[in-house]
Amino acid sequence: MASSLRARKAAGGSSAGAIESSDRETADSPARRQDPASAQVCVWGVVGMVILGLAVHYVQSIRLPRPLLAEEAGKLGFSEERAMGHLKVLTSFGPKPVGSENLDHALEYIVRVLESIKSKANSRVFMEIERFRAKPGRNRLQGGLFKGKTLAYADLSHVLVRLSSKHSDDAEDNAILVSSHVDTVFTSSGGGDCGSCVSSMLELVRALSNIAQGFKHSVVFLFNAGEEEGLDGAHSFITQHHWNSSIRAFIDLEAMGAGGKSKLFQAGPDKWLVDVFAQTARRPSANIVAQDVFQAGLIKSATDFQVYREIAGLSGLDFAYVENGAVYHTQNDAFKLVRAGSLQHLGDNILPFLVEVASSPELAHLGTSQSSKLEMVYFDVLGQYMVTFTRDFAKLLYSSVLIQSLLLFVGSMIRADQFSLPALLLAAFGVILFWIFSLSSAVAVAALLPRLCTYSVPYLAHPILAVGLFGAPAVFGGVIGHTLGYKLLRSYLVRSIPNSASVTAETEKFMFKAVFLMWLLVFGLGVWANAGSSYIAMAWLVIPSIAYGLKESSLSKHQAPRQLSSWTLLLGLPVPIVLTSDIFLSLPNVLISNLVRFDRHPGGGPPWVGNAVIAVMISAILCLSLSYLMPYIHRGAGVWISLSTIFIFLVSLSVVSYELVPAFTKDVARGTYVVHVIEANMDKLSSESYISVSFTTPGGLGKEVQSLAESGFTCGGTERPDFVTFGVRKGCEKPSDLDEDLWQGRPNLTILSDHTVGDQRTTSVLLKTMSSNRWSLSIDTDRIQALHVDIITDETGTKEMLVPKDDIAGIDGVHVLQFASGKNGPHVFNIELVWQKGISAEKSSKELLKLRTDLNVLTPDAAKTLKLLPDFCTLFGKSTSPYTLAYLSRLSL
């Protein structure tokens, strides 16, 4: 390219007249005249990318295998028909929170099914069934969602199964664990989370009970309770049960939605398990991008995978259903939403994997590791094949590609003439403008949407509208930004290249090369961050570069310049699209579903923040995926694309602003807290009782306010209630009568002793939670250094340790102790607080302790409030949220 520029410079001479008349010549030159077919390259390129991307997404995420009937699967296969029968029964019990009768019924059903399977198992298979009641314990994780918290538990009940061969003497010495949770949040029957997992496990047990006679090792299934309260079930098993020492690896089955494909989204650190899954899974669905996103904290959740990795140091695989993510932890997570084929997909992948692992001598050699990094990079191709390679190979490959790309760019700049470097920098500036205008246009719409619509997330029930609301402005802004950059570059080349006929072609090619530079930067950042998903940037960098080299490079320095060939796109883009379109289409949908529970402190942030997150995500995906098409738009397609995006945006905006489709539906509902709050003080007269209504879904209040205001609720900004684990910043509130029964249920915080020995102050507090088996306590870590908690087991004061004495760390000056137990759990505790040295004995205005105790009781006033709300409001539950009756107490010193 550099030599051709020099040749053209010599041919054109340095005539000032030639330069001054360049614009006129260019307008009439063959290179500048618009070929109608050429002008449509960009339009058809966009259409082609969309069609190919949707086709890949359908194959990779939407299409499910045909469910097998029991007769078709036989004794040795996995039948969705049988698994769905279990799911129907489990969901019929209703919500199954820890300590509930429903949970007991579900566990009893599981035992009955397992006993029936055992009676029909192969005579050479040894099948053990055990009910396990955990001792009191505590879990303190170092990272993620529960960092800075102590998670305590008692009276948790689990069901365990171990399958092994009677002909293998040491089969029980090594095992792979398959784990999921039976309990649900108090708002959900668990059709997806995680009844679908438990039902699949029962069918896996049945199939393996007829296969395991040839196993070298055993397979342990854990049906645990307590996951929804802070991963307590997995922790109690892996730290207390006598089978724990035999576990060499694990599979965790989860759901963050209802149905679809069961996707591998976390794995590691050992590579062998990923390799076996890649070799045995019939329809693998896996991508390390999900692991990078999840571990980066973009999705606020946690699974038992963290416990098995962090506490036990085991290697494992984490699978999750993510379809219908908006129903997660609500009453809408129901049996009817689990699509046919969902459980079959899980069974078809997990069953052959377990058979291979349990039959392989390699399992016995797996050791524990405290490393949090996966040794493998993995992704599936079209849901049929799985690509895996080691981190070491990835580092070598990525570094090699990065260095060679940099050398090629630097080398081309050294060999180029004086115009090339400024031209490339101007082209890169055009790409920057492309990003700036695209992002700012989408974010501007995100900020304005709450002012134009009743609800700030009006597209939640119909996510396709987000494409029109944010994607269309992103493309429109991107076209404007890219056009400005194109004109600046072209203006420079017109003044710099005497042969004006080549200006258009050179402008396109410099803009195309600037996209290489963009992907090189993205790839370099990924390599620097050691992101396994850097293969995506590598594909978008390398394959289009090869296509460009094949179709655009000049073989002779005297060869006349040509405009970019459409073959460059046809050769360069299909492979990157196949590798990434499912990710690019799935990730925004997952994040949109998360908006149902986006406000961790209801009303605590601007209503447009959730929109901005989605807008930035969609805009970034469009900027990345359309970047190679943008140099083609200046052949006349830019106007048509701009008009099309304006039309799509205006239609989408009209639909949501005039509420032609609802923002929420009964199935995709607004996450809601309705809590009867009792702020208990020393006496009844100074205590307060009121109904609090707040929303986890961001945005203003529409129909909700109308119905609540008519019934005496006051809505707006508020500083209460402070639920210990979070606070309400905006909601509705109404006083409620505090009758004697409610008053008697209040917890009691009493100071037993407060003394100082030397320079060490220690305070003992007696906590009585009355009938509550679930409570949260915040501790001021600016004053308290260490914590010790005992359970008072009887009236004589006999103690059983719950939390050993240890230093505590806080988040924002607070350490939170969360406790959950079965229905026979303790209610009296002794809390010993060790003060920081040098703290003044004067009373502080900040509470030393704040307590919330929960009861799964729907009071009459709370029940009336629920009836007042529109049917698109649904109760939302999580480990940190209150039940429908919550007592709040404080202790100051």
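Fair warning: this is a prediction, and the values are worked out from it, not measured in the lab.

### Re the overall build of the chain
Helices and strands together make up the secondary structure of the chain, namely 26 helices and 25 strands. Taken against the 2.2 N^0.38 rule, which gives 29 Å for 893 residues, the C-alpha radius of gyration of the chain at 31 Å falls within 12% of a compact globule. By its C-alpha atoms, the chain is 105 × 70 × 60 Å across when sized along the principal axes. Buried residues in the chain amount to 59% of all 893 residues. Expressed as a percentage of contacts within the chain between residues at least 6 apart in sequence, the contacts between residues at least 24 apart total 82%. Taken as a whole, the chain presents about 34900 Å² of accessible surface, with 59% of it coming from carbon and sulfur. Averaging the positions of the 78 positive and the 80 negative side-chain charges in the chain gives two centres separated by 7 Å.

### Some remarks on the side chain of Asp333
Structurally, Asp333 is set in the loop between β9 (315-321) and α14 (342-359). The contacts of Asp333, once residues within four sequence positions are left out, are Ser188, Ser189, Gly190, Gly191, Gly192, Asp193, Gly257, Ala258 and Val327.

### Looking at the sheet that holds strand β5 (residues 175-181)
The strand order β1-β4-β6-β5-β7-β9-β8 describes an open sheet built from seven strands, whose pairing is mixed. The open sheet has two edge strands with one neighbour each: β1 (125-133) and β8 (262-268). In this sheet, adjacent strand axes meet at a mean angle of 20° when their direction is disregarded. When strand β4 (residues 157-165) meets strand β6 (residues 218-224), the two strands line up antiparallel, connected through five bridges. Its bridge partner being in β6, Val161 is matched across the sheet by Phe221. Helix-sheet contacts for helix α11 (residues 271-280) involve β7 (247-255), β8 and β9, and the interaxial angle to β9 is about 50°.

### Here we look at the pattern of salt bridges
Within the structure shown, the criterion is met by 26 salt bridges. With its nearest N and O atoms 2.9 Å apart, the salt bridge here joins Arg774 to Glu229. Taken together, the positions of Arg774 in strand β18 (residues 774-780) and Glu229 in the loop between β6 and α10 (232-240) put the pair 545 residues apart, joining distant regions of the chain. With a relative accessible area of 7%, Arg774 lands in the buried category.

### Description of unusual backbone geometry
In this structure, Cys194 follows Asp193 across a cis peptide bond, with omega equal to -10°. Tracing the backbone shows Cys194 in the loop between β5 and α9 (195-208). A positive phi angle, near 55°, is found at Asp155, a position not held by glycine. Within the secondary structure, Asp155 sits in the loop between β3 (149-154) and β4. The phi dihedral of Glu659 is positive, around 50°, even though this residue is not glycine. Along the polypeptide, Glu659 turns up in the loop between α23 (637-657) and β12 (670-679).

### A closer look at the environment of Asp599
Within the secondary structure layout, Asp599 lies in the loop between α21 (574-594) and α22 (609-626). By relative accessible area, which is 11% here, Asp599 ends up buried. Those residues in contact with Asp599, other than ones at most four positions away along the chain, are Phe695, Thr696, Thr697 and Pro698.

### Comments concerning the packing of aromatic side chains
A full pass over the atoms with the stated rule returns 27 aromatic pairs. Note on Trp519 and Trp540: the rings are 5.4 Å apart at their centroids and 10° apart in plane angle, and the pair reads as stacked. Residue Trp519 is found in helix α18 (residues 503-528), and its partner Trp540 is found in helix α19 (residues 534-552); the two are separated by 21 residues along the sequence. We classify Trp540 as buried; its relative accessible area is 1%. Residues Phe819 and Phe829 carry aromatic rings whose centres are separated by 5.1 Å and whose planes lie at 70° to one another, so their mutual orientation is edge-to-face. Here Phe819, found in strand β21 (residues 814-821), pairs with Phe829, found in strand β22 (residues 828-835); they are ten residues apart in sequence, far enough to count as distant.

### Some thoughts on a nonpolar patch on the surface
A cluster of nonpolar residues, Ile546, Leu550, Trp567, Leu570 and Leu571, forms a patch on the protein surface that exposes about 550 Å² of accessible area. When residues of the nonpolar patch are assigned to their parent elements, the largest contribution, three residues, is made by helix α20 (residues 566-572). Within the secondary structure, Ile546 sits in helix α19.

### Comments concerning the nonpolar core
One finds Leu114, Phe221, Phe223, Phe353, Tyr459 and Phe470 to be the most contacted residues of the largest nonpolar core, which totals 183 residues. The element best represented in this core is helix α17 (residues 465-496), accounting for 13 residues. Aside from chain neighbours lying at most four places away, what touches Phe470 is Ala442, Val445, Ala446, Leu449, Tyr459, Asn611, Ile614, Ala615 and Ile618.

### Here's the deal with the packing of α9 against α14
Relative orientation of the contacting elements α9 and α14 amounts to 45°, with a least axis distance of 10 Å. When the interaxial angle is binned, α9 and α14 end up oblique. Handedness of the crossing formed by α9 with α14: right-handed. Contacts between α9 and α14 involve Ser196, Ser200, Leu204, Ala207 and Leu208 on the former and, on the latter, Leu343, Leu346, Ile350, Leu351, Leu354 and Val355. In terms of residue class, the contact of α9 with α14 is built from nine nonpolar, two polar and no charged.

### Structural notes on the sheet that holds strand β17 (residues 760-768)
Sheet architecture is open: five strands sit in the order β16-β17-β22-β19-β20, paired in antiparallel fashion. Only two strands of the sheet have a single partner each, and these edge strands are β16 (748-757) and β20 (799-807). The sheet shows a mean angle of 15° between the axes of neighbouring strands, taken without regard to direction. Pairing geometry for β16 and β17, over nine bridges, is antiparallel. Following the sheet pairing, Ser753 is matched in β17 by Ser764.

### Topic: α21
Helix length check: α21, at 21 residues, gives a terminal C-alpha distance of 31 Å against a target of 30 Å (1.5 Å per residue), a fit within 8%. A maximum bend of about 50° is found in α21 at Thr580. Of all 21 residues making up α21, 15 are buried, and the element is well covered by its neighbours.

Each value, and the rule that gives it
- Residues numbered from 1 in each chain as written.
- Predicted model: local features only at pLDDT ≥ 70, side-chain atom pairs only at ≥ 80, totals over all residues.
- Heavy atoms only, no water.
- Helix = DSSP H or I, 4+ residues; strand = E, 2+ residues; numbered from the N terminus.
- Rg over C-alpha atoms; globule rule 2.2 N^0.38 Å.
- Buried < 20%, exposed > 50% of the residue type's maximum accessible area, 1.4 Å probe, protein only.
- Contact = heavy atoms within 4.5 Å.
- Areas by Shrake-Rupley, 256 points an atom, 1.4 Å probe, with all protein chains shown as cover.
- Lys, Arg positive; Asp, Glu negative; His and termini not counted.
- Charge placed at Lys NZ, Arg CZ, Asp CG, Glu CD.
- Pairing = 2+ DSSP bridges.
- Axes fitted to C-alpha atoms, helices over the stretch in contact; angles between N-to-C directions.
- Salt bridge = Lys/Arg side-chain N within 4 Å of Asp/Glu carboxyl O.
- Phe/Tyr/Trp six-rings, centres within 6.5 Å; stacked < 30°, edge-to-face > 60°.
- Patch = residues over 30% accessible without salt bridge, like charges linked within 9 Å, V, L, I, M, F, W, Y side chains within 5 Å.
- Core = buried A, V, L, I, M, F, W, Y, C linked by side-chain atoms within 4.5 Å.
- Parallel < 35°, antiparallel > 145°, perpendicular 65-115°, else oblique.
- Left-handed = near helix turned anticlockwise from the far one by under 90°.
- Nonpolar A, V, L, I, M, F, W, Y, C, P; charged D, E, K, R; others polar.
- Expected span 1.5 Å × (residues − 1).
- Bend = angle between axes of the 7 residues up to and from the residue.

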